[in-house]
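Here's the letter readout for the chains.
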Amino acid sequence: MLDAVLPNMRLHGRISMCGMVSQYNRESSEGVSNLLSLIMRRIRMEGFLISDYSHLYDKYLDVVLPLIREGKITYVEDIIDGLENAPAALVGLFSGRNIGKQVLVVA
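Residues numbered from 1 in each chain as written. Predicted model: local features only at pLDDT ≥ 70, side-chain atom pairs only at ≥ 80, totals over all residues. Heavy atoms only, no water.

Student: Would you explain a nonpolar patch on the surface in this entry?
Tutor: Together, Leu65, Ile68, Ile73 and Tyr75 line one region of the surface with nonpolar side chains, adding up to about 350 Å² of accessible area. Counting through the fold element by element, isoleucine 68 comes out in helix α3 (residues 57-69). (Patch = residues over 30% accessible without salt bridge, like charges linked within 9 Å, V, L, I, M, F, W, Y side chains within 5 Å. Areas by Shrake-Rupley, 256 points an atom, 1.4 Å probe, with all protein chains shown as cover. Salt bridge = Lys/Arg side-chain N within 4 Å of Asp/Glu carboxyl O. Helix = DSSP H or I, 4+ residues; strand = E, 2+ residues; numbered from the N terminus.)

Student: Could you clarify how one ought to interpret the pairing of strand β4 (residues 101-105) in this entry?
Tutor: Residues in a regular strand project their side chains so that they alternate between the two faces of the sheet. Summarising the sheet, strand β3 (residues 77-81) and β4 pair through five bridges and their orientation is parallel. Note on β4: the bridge partner recorded for isoleucine 79 is valine 103. In the classification by handedness, the crossover that spans β3, the intervening helix α4 (residues 86-95) and the parallel β4 is right-handed. (Pairing = 2+ DSSP bridges. Right-handed = clockwise from strand over helix to strand, strands pointing away.)

Student: Teacher, can you tell me more about the nonpolar core here?
Tutor: Soluble, globular proteins show a tendency: their nonpolar side chains are buried together. Grouped together as the largest cluster of nonpolar side chains are five residues: Leu6, Met9, Ile15, Leu38 and Ile43. Residue contacts for leucine 6: discarding those within four places in its chain leaves Ile15, Val32, Asn34, Ser37, Leu38, Arg41 and Ile43. (Core = buried A, V, L, I, M, F, W, Y, C linked by side-chain atoms within 4.5 Å. Buried < 20%, exposed > 50% of the residue type's maximum accessible area, 1.4 Å probe, protein only. Contact = heavy atoms within 4.5 Å.)

Student: I tried to follow unusual backbone geometry on my own but got confused; where do I start?
Tutor: The bulk of non-glycine residues show a negative phi, and the bulk of peptide bonds are trans. Although it is not a glycine, histidine 12 sits at a positive phi angle of roughly 65°. By the secondary structure assignment, histidine 12 is in the loop between α1 (2-5) and β1 (14-17). Positioned with a positive phi, arginine 42 is a non-glycine residue whose angle comes to about 55°. Looking at where arginine 42 falls in the secondary structure, it is placed in the loop between α2 (36-40) and β2 (44-47).

Student: What is the right way to look at the packing of aromatic side chains in this model?
Tutor: Geometrically, a pair of aromatic rings is defined through the distance of the ring centres and the angle of the planes. Evaluation of the coordinates by the stated rule reveals two aromatic pairs. Ring plane angle 25° and centroid distance 6.1 Å describe the contact between tyrosine 57 and tyrosine 60, whose orientation is recorded as stacked. One end of the pair, tyrosine 57, and the other, tyrosine 60, are both in helix α3, three residues apart, so they sit about a helical turn from each other. Residue class for tyrosine 57 comes out partly exposed when judged on its relative accessible area of 48%. (Phe/Tyr/Trp six-rings, centres within 6.5 Å; stacked < 30°, edge-to-face > 60°.)

This is how it looks when you write it as C-alpha cells:
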C-alpha cells in the first residue's frame, strides 16, 4: 500500500506508522519499491507506539467521549456473528480483510 501512497504525497508530507498487522505472520517482510519518493518529495515518515502517548489518555477521553456522544465522531465496526466464524474473522483481521474494529459476537 505504501508503494501506492508515496507517489501521491505532497511535498514535505508526513506519514505516521503504528502497527503493521498485515506483516505480523509473514515469513518475510513485504518491501517498498519506491523509497526514492521519500527523498524527492522530502517526505517525513515516523513510527510511533501507542505507549508513547499513554500519559495523554485521560485528556484524550475528556475531548473525544463528548464528541462520540454528540455523533460528531463515528467509528466503523466489522461485526462477525458466531463462535464458529472466529477462525475466519481472525484470518481476515491478519490479512487486512476487515475494516474498522473487528468484533466477534458470541451469544
